[in-house]
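# Chains, contacts and geometry: an overview
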Amino acid sequence: MSLSIPKIENGTAGDLEVSDKVFGQGFNESLVHQLVVGYLAAARSGTKAQKSRSDVSGGGKKPWKQKGSGHARAGTTRSPLWRTGGVTFAASNRNYRQKLNKKMYRAAVRSIFSELLRQGRLVVSDTIVPTSTKTRELAAKLKNFGEGYTVILAEQLDLNLVLSSRNLPNVSVNTADTLSPVDLVHAERVIATSSAIRKLEVRLS
């Protein structure tokens, strides 16, 4: 079965033939949910950390002899009981990453793009990439596609595209190598270049 993505160039409409192995899959909601949750979890820094007794520097020397000094016995000045000591139950850095193998990742991304195509939220335009860094040039191009949150998908990072889109609040730039499933799921429309679609077909096949 052959599939095609609507292609819009300077007001003229056409079609771009694509592989049904990538853009003709069913929507696996549980797998897509797992991908989105894993993506958001991996973005968490987990920098809540404290120093335990073994992490505090110094304290290698016994402060006084075991008996006869009149002090309570002590083996180190870095004990949690001391002012300069470590924390008794110190919080440590936490890794929030969730395991998602490559096969599951590819299947989830194929599912997302297939659903975008079925819902008419995926179009192709090779002229969407601006020729300058001016925001007004990109904004004028996007008016032809309607309003709402828009994801622009390019084959690789383009400096003009990045600089011209950073002041547009409802526009996000993705590349075929660095996809954000959160952006794709929430986008009203995804505007991709032909080269980006072909690269996706190679990566997700």
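Right, let's walk through the structure included here. (Residues numbered from 1 in each chain as written. Predicted model: local features only at pLDDT ≥ 70, side-chain atom pairs only at ≥ 80, totals over all residues. Heavy atoms only, no water.)

### Regarding the packing of aromatic side chains
Convention followed: Pairing of aromatic rings covers Phe, Tyr and Trp, the last through its six-membered ring, and needs centres within 6.5 Å; plane angles under 30 degrees mean stacked, over 60 mean edge-to-face, and all others mean tilted. Numbering of helices and strands runs from the N terminus, with a helix taken as a DSSP run of H or I at least four residues long and a strand as a DSSP run of E at least two residues long. Each residue is placed in one exposure class: buried if its accessible area under a 1.4 Å probe, protein chains only, is under 20% of its type's maximum, exposed if it is over 50%, and partly exposed if it falls in between. Two conditions define a charge sitting above a ring: the NZ of Lys or the CZ of Arg must be within 6 Å of the ring centre, and it must be within 35 degrees of the ring normal.
Tallied over the full model, the rule gives 2 aromatic pairs. For the pair F23 and F113, a centre-to-centre distance of 6.0 Å together with 80 degrees between the ring planes defines the contact as edge-to-face. Residue F23 is located in helix α1 (residues 20–23), and its partner F113 is located in helix α3 (residues 102–118); the two are separated by 90 residues in the primary sequence. Judged by relative accessible area, F113 falls into the buried class, the value being 0%. Between W64 and W82, the aromatic rings sit 5.8 Å apart at their centres with planes inclined by 35 degrees, giving tilted as the arrangement. Residue W64 is located in the loop between α2 (29–42) and α3, and its partner W82 is located in the loop between α2 and α3; the two are separated by 18 residues in the primary sequence. Cation over ring: R44 sits above Y96, and NZ or CZ is 3.7 Å from the ring centre.

### Considering the nonpolar core
Defined as follows: For the purposes of this section, nonpolar cores are sets of buried Ala, Val, Leu, Ile, Met, Phe, Trp, Tyr and Cys residues that join through side-chain atoms within 4.5 Å. Contacts are assigned to residue pairs with any non-hydrogen atoms lying within 4.5 Å of each other.
I5, F23, F113, L122, L153, V190 and I197 are the most contacted members of the largest nonpolar core, which has 31 residues in total. With 6 residues, the top contributor of residues to this core is α3. Contact partners of F113, with chain neighbours within four places excluded, come to F23, L122, L153, L179, L184 and L200. Residues L138, L142, A154 and L168 belong to the second largest nonpolar core, which totals 11 residues.

### Points about the pairing of strand β4 (residues 150–154)
Our working rule: At least two bridges found by DSSP between two strands are what make those strands a pair. Here, the term right-handed applies to a crossover whose path from the first strand over the helix to the second runs clockwise when the strands point away from the viewer.
The buried count for β4 comes to 5 of 5 residues, which makes it a mostly enclosed element. The alternating pattern of β4 places T150, I152 and A154 on one face and V151 and L153 on the opposite face, and all of these are buried. In the sheet, β4 pairs with strand β5 (residues 171–175) via 5 bridges, with the strands oriented parallel. Pairing of A154 across the sheet is with T175, part of β5. With helix α5 (residues 159–165) bridging β4 and the parallel β5, this β-α-β connection has right-handed handedness. Pairing geometry for β4 and strand β6 (residues 189–192), over 4 bridges, is parallel. From the neighbouring strand, V151 faces β6, where its bridge partner is V190.

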